[in-house]
Amino acid sequence: MAVAKTDSSTRVRIFSSEDALLKQARAIHERVITLDTHIDFAPGDLVGEQNYTQRLDTQFNLPNMIDGGLDGLFFVVYVGQTRETQNPEALKTQGYERAYRAAVEKFDAVHRFTRDIAPDKIELALNVADVHRINLQGKKIALIGVENGYPLGEDIARVKEFYDRGARYLSLAHNGHNQLADSHTGERDGWKWNGLSPLGKQVIGEMNRLGIMVDVSHASKESVMQTARLSKAPLIASHSAVRALCDVSRNLDDEQLLALKQTGGVLQVVAYGGFVKTRKPDSPDRAAALAALRRTFDLANPNDPRERGRFHAALKQLSDNQRAEYETKLAEIDTEHPGDPPAAVKDFIDHIDYAVNLIGVDHVGISSDFDGGGGIIGWNDAGETFNVTLELVRRGYTEAQIEKLWSGNLLRVIDEVQRIARELQK
Ligand SMILES: [Zn+2]
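Criteria and thresholds
Residues numbered from 1 in each chain as written. Predicted model: local features only at pLDDT ≥ 70, side-chain atom pairs only at ≥ 80, totals over all residues. Heavy atoms only, no water. Helix = DSSP H or I, 4+ residues; strand = E, 2+ residues; numbered from the N terminus. Rg over C-alpha atoms; globule rule 2.2 N^0.38 Å. Buried < 20%, exposed > 50% of the residue type's maximum accessible area, 1.4 Å probe, protein only. Contact = heavy atoms within 4.5 Å. Areas by Shrake-Rupley, 256 points an atom, 1.4 Å probe, with all protein chains shown as cover. Lys, Arg positive; Asp, Glu negative; His and termini not counted. Charge placed at Lys NZ, Arg CZ, Asp CG, Glu CD. Core = buried A, V, L, I, M, F, W, Y, C linked by side-chain atoms within 4.5 Å. Donors = N, O, S within 2.8 Å, 3.2 Å for Na, K, Ca; no water. Salt bridge = Lys/Arg side-chain N within 4 Å of Asp/Glu carboxyl O. Axes fitted to C-alpha atoms, helices over the stretch in contact; angles between N-to-C directions. Parallel < 35°, antiparallel > 145°, perpendicular 65-115°, else oblique. Phe/Tyr/Trp six-rings, centres within 6.5 Å; stacked < 30°, edge-to-face > 60°. Polar contact = N/O pair within 3.5 Å; in protein donor to acceptor, adjacent residues only side chain to side chain.

So what about the overall build of the chain? Which residues, and what values?
When helices and strands are tallied, the chain shows 17 helices and 9 strands. A compact globule built from 426 residues should have a C-alpha radius of gyration of about 22 Å, and the chain, at 22 Å, falls within 12% of that. Along the three orthogonal principal directions, the C-alpha set of the chain runs to about 70 × 50 × 45 Å. When burial is assessed residue by residue, the chain has 52% of its 426 residues classed as buried. By sequence separation, contacts in the chain at least 24 residues apart represent 70% of the contacts at least 6 residues apart. Per element, the accessible surface of the chain, about 19300 Å² overall, is 50% carbon and sulfur. The average position of the 52 basic charges and that of the 61 acidic charges among the side chains of the chain differ by 2 Å.

What follows is the structure, encoded as structure tokens:
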């Protein structure tokens with residue numbers, strides 16, 4: 001809002017209303033359970049000498065979680081997969097066994113962290129009653145989700161095994177098709193199953209029977225639509241955003257969002273920059289200036305996914321003086337040839353607004369994908385979690401609505417999925 005006159009009485013009014021807003025947002029943030037449905041981890045960060053009880057150089061860790069008032073999270077048991085085009089053995093026994101061992105290592109790490117390393121600070125929840133009990137005890141709430149059904153191999157009994165290990169959601173696919181379903185990457189690479197495989201359909205039935213939420217993030221559109229028709233229980237998208245606002249294959253279009261709502265499910269909007277905002281390419285002047293700067297400091301190109309790792313590693317190698325010089329020159333370029341700013345909290349909340357308008361406030365939630373590529377300006381680590389609530393309050397969401405977005409909807413789905421499982425087991 002532009003304020004033409006800045007006499008002192010106007011300023012005081014603006015400051016005091018901003019102050020009241022902050023106070024109101026803080027109180028709401030305190031009262032509601034804030035739950036992030038997608039945080040990645042390396043087992044070493046949970047159970048190593050240096051672990052998440054300390055302020056590691058990670059977006060998520062317990063000190064950050066406490067600073068940001070984040071109450072709970074899904075630790076994600078993620079296992080990547082090699083694609084069949086790269087390795088013809090990918091969807092055979094050896095590939096499955098490697099993936100299975102990697103998944104078990106991650107399950108074990110979460111159990112050791114919550115049971116042995118930080119039992120006074122965080123506890124594993126298996127149902128909604130656990131979530132409320134742990135929260136009342138003043139501890140942080142851990143849940144487990146599985147990203148990629150690949151480590152199940154072709155053994156349907158492993159769905160039960162993963163449930164017993166604490167998995168409360170499982171995504172059928174990741175990047176690249178697997179034995180269960182087509183991935184969103186088929187938009188570029190072509191399809192394997194045209195949706196779900198016969199085994200994938202069986203696995204959905206087994207997840208319904210056991211009470212594991214089916215997660216459609218990373219799946220292809222056809223896989224999502226078939227899953228929505230097939231599943232007897234509500235679906236979730238544990239970390240996806242709105243395709244109408246950012247046209248990437250990882251996001252859900254309106255038809256998919258309406259199908260998700262039909263199941264009673266929830267879209268956990270993800271704060272992953274590349275899924276929140278499509279940035280305009282740099283102007284030729286800016287691109288040239290940045291390239292020259294990288295040459296001076298012998299750095300790779302952070303905008304090229306294949307070089308990003310090398311860029312960050314080389315940046316860490318710079319001396320303090322070199323680093324300061326690099327930052328100064330970068331700031332000069334930003335002033336002289338500004339680029340399209342990266343995704344920020346406002347852009348992220350635009351996705352929440354859009355989804356709420358389309359499918360209703362009962363079907364939308366929040367996720368970060370921290371330590372898995374997520375993070376935006378203003379919510380770039382768990383310590384900045386309050387900024388999300390603040391922007392929701394600024395946009396006029398009520399406490400009851402914010403409570404639904406931050407955890408109420410997702411907890412309702414967990415309850416519903418477990419209730420349906422009990423029915424099916426009768
Ligand atoms: Zn992911």
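Got a sec to walk through the nonpolar core? Specific residues and values, please.
F75, F348, I352 and W379 are the most contacted members of the largest nonpolar core, which totals 95 residues. With 9 residues, the top contributor of residues to this core is helix 4 (residues 93–117). Other than its neighbours up to four places away in sequence, I352 contacts V269, V364, I366, L392, Y397 and L405. In this structure, F74, L143, L411 and V417 belong to the second largest nonpolar core, which totals 21 residues.

Summarise helix 9 (residues 221–230); cite the residues concerned and give the values.
Burial in helix 9 covers these residues: S223, V224, M225, Q226, T227 and A228. Buried-residue contacts for helix 9 involve helix 8 (198–210), strand 6 (213–215), strand 7 (235–240) and helix 10 (254–262).

Hey, could you go over the coordination of the zinc ion for me, with residue numbers and the actual values?
Ligation of the zinc ion by protein atoms is provided by E147 (OE), H218 (NE2) and H239 (NE2), these donors lying 2.0 to 2.2 Å from the ion. Read from N- to C-terminus, the donor residues coordinating the zinc ion fall into the pattern E-x70-H-x20-H. Of this pair, H218 sits in the loop between strand 6 and helix 9 while H239 is found in strand 7, placing the two residues 21 residues apart along the sequence. In this pair, the class of H218 matches that of H239, namely buried.

Summarise the pattern of salt bridges; cite the residues concerned and give the values.
Summed over the entire model, instances satisfying the criterion amount to 33 salt bridges. In this structure, the salt-bridge partner of K139 is E123, at a minimum N-O distance of 3.0 Å. Taken as a pair, K139 in the loop between helix 5 (128–136) and strand 4 (140–147) and E123 in strand 3 (residues 122–124) lie far apart in primary sequence, 16 residues in all. As far as the burial class goes, K139 and E123 line up, both buried. Among the salt bridges present, the one from E416 reaches R419, with a minimum N-O distance of 2.9 Å. Here E416 pairs with R419, and both are found in helix 17 (residues 399–425), just 3 residues apart, close to one helical turn. On the basis of relative accessibility, which here comes to 37%, the residue R419 falls in the partly exposed class.

Give a detailed account of the packing of helix 8 against helix 17, specifying residues and quantitative values.
Two quantities define a packed helix pair, namely the angle between the axes and the distance from one axis to the other. Orientation of helix 8 relative to helix 17, taken along the N-to-C sense of each, is 100°, at an axis distance of 6 Å. Comparing their axes, helix 17 and helix 8 come out roughly perpendicular. For the pair formed by helix 8 and helix 17, the contact residues are N208, R209 and L210 on the first element and A421, L424 and Q425 on the second.

An account of the packing of aromatic side chains is requested, with residue identities and associated values reported.
Overall, the coordinates contain 14 aromatic pairs when judged by the stated rule. Measuring from centroid to centroid gives 6.4 Å for F75 and F113, while their planes differ by 85°, and the two rings are edge-to-face. Here F75 is found in strand 2 (residues 72–78), whereas its partner F113 is found in helix 4, with 38 residues between them in sequence. One exposure class covers both F75 and F113, and it is buried.

Any chance you could break down the side chain of Q418 for me, citing the residues and the numbers?
By the secondary structure assignment, Q418 is in helix 17. Exposure remark for Q418: the relative accessible area of 11% places this residue in the buried category. Among the polar contacts made by the side chain of Q418, one reaches the main-chain carbonyl oxygen of L126 at a distance of 3.2 Å. For Q418, the contacting residues outside a window of four places in its chain are L126, N127, R168 and G211.

Describe the environment of I141, listing the residues and the values that go with them.
Looking at the secondary structure, you find I141 in strand 4. Under the relative-accessibility criterion, I141 is labelled buried at 0%. Sequence separation of I141 and I33 is 108 residues, and the distance between their C-alpha atoms is 9.6 Å. Apart from residues no more than four positions distant in its own chain, I141 is found in contact with I33, D71, G72, L73, I122, E123, A125, V131, I134 and N135.

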